[in-house]
Amino acid sequence: MKSILKMFLNPIKNEFPFLICVYFLLIPRTLFFFICNPQRWFDNFEQFPTLRFLALSLLYSYFLTILAYKIKWIKFFAYIVLYLLFFANIYLAINFNAAISPNSLLLLFETTTAEIQDFLYTYAFSVRSYIAYASLLLIISLNIYFESKRDQISVWITTKLPSIYKKSLIILFFLFFLGGVYELRLFPQLFSCKSIEEVDKWNPVGKSSMDIITNFIMSLYDLHLMGEVLSKAVDATNQINKGQSSYILGDDSCNVILVIGESFIKNHSSLYGYYLKTNPRLEKEKDSGRLFVFTNVITSIANTSTSVRNMLSCNSIGNGEKWYEYPYFPAIFKQTGYKVYFWDNQFKPTSNASYDFSLNAYIHGNKIVELSYDAEQGQVSMLDEELVDHFVEHCKTNPLERLNFAIFHLQGQHFAPKNRYPHNGEFDLFKSSDIKRKETWLTERKKQKIAEYDNCTLYNDSVIYKILELYKCENTIVVYLSDHSETVYDVGDYTGRRLDLTSKDPQLIHQFNDIPFVVWCSDLYMKKHPDIVYALQQSTNKPMMADNLCHMLMRLGGIKSNYYNKDRDILSETYSCPPRIVYDSIFYDKLGE
């Protein structure tokens with residue numbers, strides 16, 4: 001037994017500085033997350049997933065230490081690779097609040113020499129970059145110092161370190177080592193994932209609390225899966241060139257505008273009866289008869305990426321169809337003769353999350369851009385009105401043509417809503433004193449958070465109205481919907497989205513999946529299309545899920561296509577709502593049965 005223990009511990013004793021340095025190179029963000037959550041230090045691996053990555057990091061470090069002990073050149077190679085990974089994470093964290101992710105890897109693979117030169121010119125000599133350089137130099141200096149003292153450290157551990165400390169460290173090491181061995185089960189689970197959606201479900205805590213190696217492996221695998229899925233999506237979109245799509249409104253001009261909101265809680269809208277006037281401008285348009293408010297529209301999931309991917313494809317979840325097996329419908333508008341514009345205030349190439357990556361790689365991938373848009377723009381500002389202003393400036397030098405389809409993807413009421421609106425007299429309207437709710441968990445601070453959300457909703461109302469004002473004198477129709485909803489203490493003592501899918505709780509699913517959906521027509525559009533106005537009036541209470549949006553939009557835009565299905569068009573007399581399946585398996589319209 002002693003000989004086995006000695007064999008096990010010899011690499012540690014002889015390469016102790018290497019083991020410690022490698023461990024701390026692997027866990028900078030994990031350790032930070034751990035330190036910031038002291039109340040959860042003693043939770044188990046399942047309850048506090050960060051602990052599993054601390055254990056995995058020790059396992060990785062030990063095996064690298066064995067290699068370094070046996071093969072000396074491995075040490076040099078390991079240091080170089082880990083320094084690079086450490087620096088990449090620190091650099092992304094300091095400059096972009098990001099980490100190594102599928103998005104950053106995709107960006108690296110697609111970057112040209114000219115873009116690298118521009119990047120270096122912009123960021124290489126910034127103050128934040130100097131902090132990253134200093135961090136790397138510090139860790140290298142400490143590493144060199146401890147490596148120079150390696151023999152002394154080994155002797156000290158053998159002869160000077162008190163026995164009780166040795167035994168305690170050995171026990172702690174074995175506990176973490178065994179924990180790391182146990183957590184290797186994560187990788188068979190990861191590699192059994194066949195889609196990016198499955199990886200999203202596998203990913204227990206997000207990349208911010210993962211160790212560098214696990215994060216890097218997951219990012220590469222996610223990139224691999226997304227490449228396969230994107231190839232299918234591009235192939236499906238390419239098929240539209242073989243189909244028959246045409247514009248059937250003669251020589252008439254038309255503007256179709258799609259506005260995709262974010263995290264808009266339907267029951268915080270005065271359009272749907274909320275007691276605070278959060279949508280005064282849209283209410284005015286409703287009273288004028290130009291705005292039609294749909295009451296029974298839902299999204300398939302409370303997740304931006306999955307929701308928007310299905311929203312912008314021609315598939316129907318209720319009919320068992322996958323988004324990547326059907327065309328991206330903006331490409332149909334372009335093929336028909338529309339000029340297509342996509343102004344996306346959520347497109348951030350350095351985003352951490354795999355859900356952001358999977359959405360951006362789809363709707364902003366090079367091939368989809370080529371097939372679908374005449375112009376696009378990524379994030380402009382935290383404030384959505386500046387995105388609209390940017391589009392207006394673009395149109396001054398690139399005037400709209402006869403047929404135009406524009407998509408605005410807003411920040412909306414995305415977390416944290418207090419950062420999504422200007423703090424002035426107009427939009428700092430609601431205070432905690434205006435929140436009249438009586439739930440036991442509500443404090444003044446929480447009521448203020450609710451008020452901030454309602455102020456953000458008020459600002460969102462002004463942004464949508466600003467878009468309507470741009471086209472009020474033209475033949476224009478505007479559709480607005482949110483990607484999903486959330487909660488600000490509406491269904492419990494928390495904010496955001498925390499849905500236990502196993503519970504199938506109707507209250508929670510209604511809270512997170514019921515979304516606002518409105519259609520606005522200019523006076524000219526209403527005059528030219530009384531049949532559509534009548535259909536809108538008759539359809540506001542029909543059930544619909546956002547994945548069937550494309551059929552309605554093709555009809556509103558006067559597009560005849562073999563991808564149009566009148567039975568899925570909510571405005572059609574033959575409309576039959578497909579089964580509304582949420583979270584892959586829950587039948588929304590059977591909740592509570």
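Here the structure is a predicted model, which is why all the values come from computation and not from measurement. Position numbers for residues count from 1 along each chain, tracking the sequence in the order it is written. Per-residue local features of the predicted model are confined to residues with pLDDT of at least 70, and side-chain atom pairs are confined, for both listing and counting, to 80 or more; whole-chain, interface and lining totals are unaffected and use all residues. The basis for every side-chain value is the complete set of non-hydrogen atoms in the structure, without hydrogens or water.

Visitor: Explain the overall build of the chain to me, and be specific about the residues and the numbers.
Guide: Helical segments are the DSSP runs of H or I of at least four residues, strand segments are the runs of E of at least two, and each set is numbered from the N terminus. The number of helices and strands found in the chain is 24 helices and 15 strands. Relative accessibility decides the category of a residue: with a 1.4 Å probe and only protein chains considered, values under 20% of the type maximum give buried, values over 50% give exposed, and everything between is partly exposed. Expressed as a percentage of its 593 residues, the buried residues of the chain come to 54%. When contacts within the chain are restricted to residue pairs at least 6 apart in sequence, long-range pairs at least 24 apart make up 79% of them. With an accessible surface of roughly 27000 Å², the chain has 60% of that area assigned to carbon and sulfur atoms. The contact definition used throughout considers only heavy atoms, calling two residues in contact when any of these lie within 4.5 Å. Residue burial considers only the protein chains on display, and all accessible areas are found by Shrake-Rupley using a 1.4 Å probe.

Visitor: Summarise the pattern of salt bridges; cite the residues concerned and give the values.
Guide: The term salt bridge refers to a pairing of a side-chain nitrogen on Lys or Arg with a carboxyl oxygen on Asp or Glu at a separation within 4 Å. Taken as a whole and assessed by the stated rule, the structure comprises 23 salt bridges. Where Asp-374 meets Lys-339, a salt bridge forms, and the shortest distance between an N and an O atom there is 3.7 Å. Linking Asp-374 in the loop between helix H18 (366–372) and strand S6 (375–377) with Lys-339 in strand S5 (residues 339–344), this pair joins segments that are 35 residues apart in sequence. Asp-374 sits in the partly exposed class, given a relative accessible area of 36%. Taken together, the shared-partner salt bridges in this structure form one network comprising Glu-15, Lys-72, Lys-75, Glu-147 and Arg-150.

Visitor: Which residues make up the packing of aromatic side chains, and what values go with them?
Guide: Two rings from Phe, Tyr or Trp (for Trp, the six-membered ring) form a pair when their centres are within 6.5 Å of each other. A pair whose planes differ by under 30 degrees is stacked, one over 60 is edge-to-face, and the rest are tilted. Inspection of the entire model under this criterion finds 30 aromatic pairs. Between the aromatic rings of Phe-333 and Tyr-338, the centroid separation amounts to 5.1 Å while the plane-to-plane angle is 70°, which identifies the pairing as edge-to-face. Judged by relative accessible area, Tyr-338 falls into the buried class, the value being 1%. Taken together, a centroid distance of 5.6 Å and an interplanar angle of 75° make the contact between Tyr-341 and Phe-391 edge-to-face. Note that Tyr-341 is positioned in strand S5 and Phe-391 in helix H19 (residues 384–397), a separation of 50 residues in sequence. Across this residue pair, the class does not change: Tyr-341 and Phe-391 are buried. Following the ring pairs from residue to residue traces out a cluster consisting of Trp-323, Tyr-324, Tyr-328, Phe-342, Tyr-362 and Tyr-373.

Visitor: Describe the packing of helix H14 (residues 280–288) against helix H20 (residues 444–470), naming the residues involved and giving the relevant values.
Guide: With their axes 7 Å apart at the nearest point, H14 and H20 run at an angle of 50° to one another. Considering their axes alone, H14 and H20 lie oblique with respect to each other. Residues Pro-280, Arg-281, Leu-282 and Glu-285 of H14 touch H20, and the partners they reach there are Leu-458, Asp-461, Ser-462, Ile-464, Tyr-465 and Leu-468. Residue classes follow a fixed rule: Ala, Val, Leu, Ile, Met, Phe, Trp, Tyr, Cys and Pro count as nonpolar, while Asp, Glu, Lys and Arg count as charged, and any other residue, Gly among them, counts as polar. Its residues assigned to classes, the contact of H14 with H20 comprises 6 nonpolar, 1 polar and 3 charged. Under this scheme, a helix contributes an axis fitted over its contacting stretch, all axes are lines through C-alpha atoms, and angles between N-to-C directions fall in the 0 to 180 degree range. For classification purposes, angles smaller than 35 degrees are called roughly parallel, those larger than 145 roughly antiparallel, those between 65 and 115 roughly perpendicular, and all remaining angles oblique.

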